[in-house]
Amino acid sequence: MTDSTGSPSGGGGMGAEELFDLTIIGGGPVGLFAAFYAGLRQMKTKIIDSLEELGGQLTTLYPEKFIFDVAGFPKVLARDLAHQLIQQAMQANPAVALGETVRHLEPLGDADNPRYRIMSDKGSHLTRTLMICAGAGAFSPKKLRIPEAPGLENRGLFYACRSKAAFAGKRVLIVGGGDSAVDWSLNLRDTAESITLIHRRNQFRAHEESVRQLQATDVKILTFFEIKSLVGGGGGEQGLTAAVIENSQTKEVRTLEVDAVLVQIGFDTSLGPIKEWPLKVERGQIQVNSHMETALPGVFAAGDVAAYEGKLKLIATGFGEAAMAVNFAKVRVDPKAKFFPGHSSEMTAQHESVVTV
Ligand code: FAD
């Protein structure tokens, strides 16, 4: 959700030139904890993420797996941990800009009073400090590698379901074997005229219970099938009309008359243009000092993307890094502020004043 007004509850977007104390690039577990911590330190904070939902790898890559090494949880589903982190982060009502990929950084101000303009694919954001919590980089959906695919994108071929209405009354082909493919096959049943799900294997990665539910519906499931080509994309408004699919075992080829194809075959990640920023980036990670600060003053990094001697890419260590980075960012923004935040258990009055849910 982006808000072109730039209001703290709404996010960034084109023309959102309101100045924030801290802008966090990446709403994965580490970015979310950083947002909570910044709220505790009463910083005006914004989170930007390329995905349409918060949670990073937890929600995108392994929502149904249990995690055993997060302090305080004997075991927790990744999806549930993301939910708790989102609730905790939203207490101080940070601005959230989703579906927006950060690309460029323009330094403003000077080393004593740094300010930055962050440019994304949707607009720009002004901030005093920023924290890069970008993990392995921005997630983008894996696309079909057939020549006609780019021309049919959003003309019958989709890589995300932003609105169920786009599939209303349509014959829909869904591609994939993970949670997203199976969940959308279930979810679009009340909207689409018919649904066919194809998967290149005969084992689904999706949650067993969801697969069991799907098998009890009228969704047609075809395993070992992949898309060979798409038909349509003629002149004018004409979009997709059919998909040609092939069975990898038997080589059987079928033509399915469909109006829409929803491809859910996973994500690629890339740090993209962030690699070109004047930071020390090696093998996809950004070097930080003991303050979690990068080579640019006021630009911090934490979580999987941050590198230093002894680095462990774990959620537990990322949380500690986020707390450190926020406290150093606080001092950057307000040099009179103490680095040590105090104990949250003793901040009830102050904390309650920023808590809105
Ligand atoms: P991420 O979770 O990767 O989040 C980064 C976010 O930044 C993403 O949402 C991305 O969209 C966004 N982003 C990146 N670039 C941009 C950009 N340019 N513009 C806008 N947004 C951007 N760790 C454990 O501690 N315990 C475990 O049991 C465990 N199990 C795992 C199991 C699997 C299958 C996997 C894949 C990982 C596992 N991990 C585990 C690792 C853990 O998930 C990561 O350490 C953690 O997610 C890192 O969090 P992060 O916030 O740094 O990055």
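**Re the overall build of the protein**
Within the protein, the secondary structure is distributed over 8 helices and 22 strands. Taking 2.2 N^0.38 as the reference for a compact globule, 357 residues should give roughly 21 Å; the C-alpha atoms of the protein span a radius of gyration of 22 Å, in line with that estimate. Here the C-alpha coordinates of the protein stretch approximately 70 × 50 × 40 Å along the principal axes. In the protein, which comprises 357 residues, the proportion classed as buried is 49%. Across the protein, contacts joining residues at least 24 apart in sequence account for 59% of those joining residues at least 6 apart. Of the accessible surface of the protein, which amounts to about 17200 Å², a share of 50% is contributed by carbon and sulfur atoms. Across the protein, the 37 positively charged side chains and the 40 negatively charged ones have centroids separated by 2 Å.

**A short note on the sheet that holds strand β10 (residues 157–158)**
The 5 strands are arranged β10-β17-β11-β12-β13 in an open sheet whose pairing can be described as parallel. The open sheet has two free edges, formed respectively by β10 and β13 (220–223), since each of these has just one partner strand. Across 4 bridges, the pairing between strand β11 (residues 171–175) and strand β17 (residues 260–263) is parallel. Its bridge partner being in β17, Val 175 is matched across the sheet by Val 263.

**Some thoughts on the nonpolar core**
Counting 60 residues, the largest nonpolar core has Leu 130, Met 131, Ile 132 and Trp 277 as the members making the most contacts within it. With 9 residues, the single largest contributor to this core is helix α1 (residues 29–40). Excluding its chain neighbours within four sequence positions, the residues that come into contact with Met 131 are Leu 22, Thr 23, Ile 24, Ile 25, Ala 34, Phe 300, Ala 301, Ala 302, Ala 322, Ala 325 and Val 326. Counting 20 residues, the second-largest nonpolar core is a separate cluster that includes Ala 149, Tyr 159, Leu 173 and Ile 245.

**Some thoughts on the confidence of the model for the protein**
Mean pLDDT over the protein: 90, with 91% of residues reaching 70 or higher. In the predicted structure, residues 1–15 sits below a pLDDT of 50 and forms 52 contacts with residues beyond four places in sequence or in another chain.

**Things to note about the site of the ligand**
Near the ligand you find 31 residues, and of these Asp 49, Tyr 62, Asp 69, Val 102 and Asp 304 are the closest. Gln 57 places a side-chain nitrogen or oxygen 2.9 Å from an oxygen atom of the ligand. A distance of 2.8 Å is found between a nitrogen atom of the ligand and a backbone nitrogen or oxygen belonging to Val 102. Within the complex, the protein chains bury 87% of what would otherwise be the 1000 Å² of accessible surface of the ligand. Counting residues per element, the ones that place at least two in the shell around the ligand are α1, β2 (45–49) and β9 (138–141). Among the elements that make up the shell around the ligand, the one with the highest residue count is α1 (3 residues). For the shell around the ligand, the residue count by class is 16 nonpolar, 10 polar and 5 charged.

Reading guide: rules and limits
Residues numbered from 1 in each chain as written. Predicted model: local features only at pLDDT ≥ 70, side-chain atom pairs only at ≥ 80, totals over all residues. Heavy atoms only, no water. Helix = DSSP H or I, 4+ residues; strand = E, 2+ residues; numbered from the N terminus. Rg over C-alpha atoms; globule rule 2.2 N^0.38 Å. Buried < 20%, exposed > 50% of the residue type's maximum accessible area, 1.4 Å probe, protein only. Contact = heavy atoms within 4.5 Å. Areas by Shrake-Rupley, 256 points an atom, 1.4 Å probe, with all protein chains shown as cover. Lys, Arg positive; Asp, Glu negative; His and termini not counted. Charge placed at Lys NZ, Arg CZ, Asp CG, Glu CD. Pairing = 2+ DSSP bridges. Core = buried A, V, L, I, M, F, W, Y, C linked by side-chain atoms within 4.5 Å. pLDDT = per-residue confidence, 0-100. Near = heavy atom within 4 Å. Polar contact = N/O pair within 3.5 Å; in protein donor to acceptor, adjacent residues only side chain to side chain. Nonpolar A, V, L, I, M, F, W, Y, C, P; charged D, E, K, R; others polar.

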